[in-house]
Structures are given as C-alpha cells and as structure tokens.
Amino acid sequence: MALVVQKYGGTSVANAERIRSVARRVVERKKSGDDLVVVLSARAGDTDRLLKLAREISPNPDRREQDVLVSTGEQITIALFSMACKDLGYEAVSMTGYQAGIITDGRYGEARISWIETLPVMEKIQEGKIVVVAGFQGYDDEGNITTLGRGGSDTTAVALAAALGAELCEIYTDVEGVFTADPNIYSKARKLDKISYEEMLEMASMGAKVLHLRSVEFGMKYNVPIMVLSSFSDASGTLVTKEDAEMEKVVVSGVTYNKGEARITITNIPDMPGIAAKVFRPIADAAINVDLIVQGSSGVPGRANISFTVPKADHEKAIQLVEKACKDLDGGGVYADRHIAKISIIGLGMRSHSGVATKMFEVLARENINLAMISTSEIKVSCVIDEKYTELAVRILHDAFELDKEPHARIKIQEEA
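Residues numbered from 1 in each chain as written. Predicted model: local features only at pLDDT ≥ 70, side-chain atom pairs only at ≥ 80, totals over all residues. Heavy atoms only, no water.

Engineer: Please provide a residue-by-residue account of the pattern of salt bridges, values included.
Structural biologist: In this structure the tally under the stated criterion is 26 salt bridges. The salt bridge partner of Arg43 is Asp46, with a shortest N-O separation of 2.9 Å. Here Arg43 falls in the partly exposed class, since its relative accessible area comes to 23%. On the basis of relative accessible area, Asp46 is assigned to the buried category, the value being 7%. As a salt-bridge pair, Lys259 and Glu391 come within 2.9 Å of each other at their nearest N and O atoms. Linking Lys259 in the loop between strand E13 (254–258) and strand E14 (261–270) with Glu391 in helix H13 (residues 390–400), this pair joins segments that are 132 residues apart in sequence. Overall, Glu391 belongs to the partly exposed group, its relative accessible area being 25%. Residues joined by salt bridges that share partners form a network here, namely Glu198, Glu243, Arg351 and Glu378. (Salt bridge = Lys/Arg side-chain N within 4 Å of Asp/Glu carboxyl O. Buried < 20%, exposed > 50% of the residue type's maximum accessible area, 1.4 Å probe, protein only. Helix = DSSP H or I, 4+ residues; strand = E, 2+ residues; numbered from the N terminus.)

Here it is in structure tokens:
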C-alpha cells in the first residue's frame, strides 16, 4: 500500500460527467489498496469567469477580495467530486487550503507556500478516507485566503506530496505526458518516458505548459517523483525524476517556445557602473519578471543600448517605468516589440557536447530566421526570433536534432558522426 497524491486539472473536471469519470478512476485506485490525496483545480473556465465578474464590479479589484472570490472555483470542484466518490460507495472528504493546513506568505494572487501542517490531512487518511484538497489556495499568517497564481494546483499537489512523504505525485492533464515539442504544432513530437527535474524546470520556464514551474522546483528540492499522465486515457506517462547516466547521453531532449513575452529596448544611455541597476530597480520594485537581458554598444562612445524581455501582460507598465528611467538618464528612447517568440533547445547532454548552439544557429539561418537575442545555460540555448517564424523554427530544430527518434538511435548516430 502506497500513499499517492493525484492532481486533476480543469479540463479533467470540466463538467459533471468528467467529474464522475475521475471519481471512478480514483475509486479504482483506492480499491487497489493505495491511500489517496486528490488535488483538484477549478472546472475549466470557472476561474476566468470569476475574474471577469470581479472586473465587472471594479476595474481594479482589491487583491485580497479577488483571492477570496477566485478560490471558490476549486471549492465547487472538491465538493462535487466528493459527492461523486460517496455515490460510488467510498468515503471522501473535501478540504479547502485552509482546512488542509497549507500556509503561505501574504502575496495575494501569487502567494508562495511557506509550510504545510500535515496533521489535518493525515488524520483523514488514517480514517481510510479519500482526501480531496482544493488546489491553488492556502492562507497566510493572519488567516487570509491566498491563491498561488495560474497553474498553482500543480504546486499544491507536489508540495503536499513532499510534506506527507508520498511515494509519488501524479499530475493528470489533457496530454499524455511531456513531449519533445508541442504536439499541437508538430505531429512528429515524441512522448518522453522520463525527464530530469532540471530539464523540466527549463522547459517549464521556457514556455512548456505541462507543469507549473514552482511544482517542479518543489519536486526537485524534496526529490518527489512526478508522473505526468492523461486523465482521458490509460497511456503511460512521463516520469519527472532525478537525472541518471542515460539522460546525460541525450544531447537535446526537447524544443520549446514562448510567445508570451515582449522585448523592450532602451537606447543611448550612459555606459558606466550603476546604470543597469537604475534601469531595472523600478521594474523589480513593480514585481515584473525580466528574462533575457542583452547590453551592447550604441555606436556612440560611452553610450550603450539595453534590450530585455518581460511578460506581455506587464510590458505596458514596464515601458512606463523604463521611459522615466530613460529620461532621468538622458537616454535616446524606449522601443517595444510584442511580436517576438523565444525558441529554446534543452538537454542534459549539452554539458558534455560542443557545437550544439552553433548547430541551432545554422539551422535557423538556413531558413533566414534572424536572432534578436541569445541566452545560454549549461543545458539550454534560447533565441528570440520574429513571432511569425515560431512553428517553422520548432519543426526544423526538432528535425535537426532528430528528436522523433528514440534516444538510443540518436546516440548511435552522434557517436558515429
């Protein structure tokens, strides 16, 4: 008998029939002897509906009250799901984030889990019940309801698995696992049997939407095995786990893309110590995440240009802050480009193989795709390109690194080359 935490996303519980279907799946697992904690998201569309309702009342909703509002989406799901389990003859108990002891900091809308008081959940497990926990939510030190941000139910599930000492955390979604590329834009994308935490972290941060970034961070920190599965089939999924020797032999594991960023360039500012800090301090104070940063000469001695990327949702605010900084620094001007995409190749094998970045640049150059920005890490190379070339870039890079082939076949080709 094992303790397993399962999480089901919004599409998996979108309506009454799907909720009953998931309940049947969970009950069958319970019959096998496993103890189960089930984390549920709000039904597909419910969170957006609640946010829209908030904006109908106020153009700038109070963050505390908005968290109180949107947290009800998960509460609806856990109550309905528990009813379905009981109709199947199995005791289930629904628990909000507060009841499950999920304690967070006080950043409404983007709270982070501080710790979990496991006793309330463990007592229900010991009573033999299926414990059904609302994802995406917790409470702060003052007892206020908080939410963890989009995708936060993944983080709830992995954090609970870590705190409870679960053998496995299963994330059920509308895809059958982690793929070498987005299967919606390239039919040759192949499902991976397993992937390292580090690679999954890079994929999540670079735009892959299979797992929430912070859930992978939890898994890596506490060594929680995460299995990504489909709630609509019985296909084997993808195991996210610690790296092994076989993983390191694969040079590139996947290609990701992200169309959710905008590029901002500030021109002709002084090229001297402390200037970059003056540019980025207001952005950091506004809690705007900056990704890629490139600084180069402006062509004028003693002056420089800085380009960086921010989420599209924040780019208007970022522009206002940068324009003020540019004026204070007697800069040349501020320019923005919303029509960009970030393309990344990711793989543990990059640590020990040379020429990977060069190959990526050559492949893109053959299709006349210009690189506006470049960023690298030990296991990742990212390029900012024109958004209109996104799908083409994914396909040609996928082909160039032969990601449709099984790893052992690619390893053989690489060794013979």
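Moving on, there is more to tell.
Engineer: Account for the packing of helix H3 (residues 63–70) against helix H4 (residues 72–87), with residues named and values stated.
Structural biologist: Interaxial distance between H3 and H4 falls to 5 Å at its minimum, and their mutual angle equals 15 degrees. As judged from the angle between their axes, H3 and H4 are roughly parallel. Contacts between H3 and H4 involve Val68, Leu69 and Val70 from the first element and Thr72, Gly73 and Glu74 from the second. (Axes fitted to C-alpha atoms, helices over the stretch in contact; angles between N-to-C directions. Parallel < 35°, antiparallel > 145°, perpendicular 65-115°, else oblique. Contact = heavy atoms within 4.5 Å.)

Engineer: Give a detailed account of the state of the cysteines, specifying residues and quantitative values.
Structural biologist: Across all of its chains, the model carries zero disulfides by this definition. Cys85 forms no disulfide, and the closest cysteine sulfur to it belongs to Cys169, at a distance of 17 Å. According to the relative accessible area criterion, Cys85 is buried, its value standing at 0%. (Disulfide = S-S within 2.5 Å.)

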